[in-house]
Amino acid sequence: MDAVQIVFLVLLWGVPIVRFIKVYREMDEEEQAEIKASLKNPLYYLDDGFRHIGFPLMFSGMIASSPVIQHIGASILFIGWFYGGLEHLDKSVKQSVGLMSFAVLMAGVYYLIWT
């Protein structure tokens, strides 16, 4: 791995983490308590957590030329999208079905392109 790839990986993971810490410190105590409570909920990781980790993992695999990491990241991302559609089902059936269909469609496109 050359220096450019390392710089991209550090930026890919470092910028969002530093940004989150900065925004978290600017929140009031009530909002910080809500963030802490949501991070303790395991279903948070299945929905938002998978989406927030899937993208960087997928792109990290692309940058590092590691297809295993790339495929794991893509799988996590598609599962997060699909679960997000299931979670949104009680609010709007059309949007929920649309998001789940999008997740399945993108998983199929990813499979056709990368395998």
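Heads up: these notes are all about the structure in this document.

What about the pattern of salt bridges?
- Per the stated rule, a full pass over the model turns up 1 salt bridge.
- Where Arg51 meets Asp48, a salt bridge forms, and the shortest distance between an N and an O atom there is 2.9 Å. On the criterion of helical spacing, the pair formed by Arg51 and Asp48 is a turn pair, its members being 3 residues apart in helix α3 (residues 42–63).
- We classify Arg51 as partly exposed; its relative accessible area is 27%.

Details of the nonpolar core
- Residues Met58, Ala74, Leu77, Phe78, Trp81, Ala103 and Tyr110 constitute the largest nonpolar core, which totals 7 residues.
- Counting residues per element, the ones that place at least two in this core are α4 (67–87) and α5 (93–114).
- Per-element accounting of this core gives the leading share, 4 residues, to α4.
- Excluding residues within four positions of it along the chain, Met58 makes contact with Gln70, Gly73, Ala74, Leu77 and Tyr110.

About the thresholds
In this numbering scheme, every chain counts its residues from 1 along its sequence in written order. Side-chain atom pairs in this predicted model are given and counted only at pLDDT of 80 or more, local residue features only at pLDDT of at least 70, and totals for whole chains, interfaces and linings cover all residues. The side-chain values count all of the structure's non-hydrogen atoms but skip hydrogen atoms and water molecules. Any carboxyl oxygen of Asp or Glu within 4 Å of a side-chain nitrogen of Lys or Arg constitutes a salt bridge here. Numbering of helices and strands runs from the N terminus, with a helix taken as a DSSP run of H or I at least four residues long and a strand as a DSSP run of E at least two residues long. Any residue under 20% of the maximum accessible area for its type is buried, any over 50% is exposed, and the rest in between are partly exposed; the area is computed with a 1.4 Å probe on protein chains only. Residues belong to one nonpolar core when they are buried, are Ala, Val, Leu, Ile, Met, Phe, Trp, Tyr or Cys, and are joined through side-chain atoms within 4.5 Å. By definition in these notes, contact holds between two residues if any of their heavy atoms fall within 4.5 Å.

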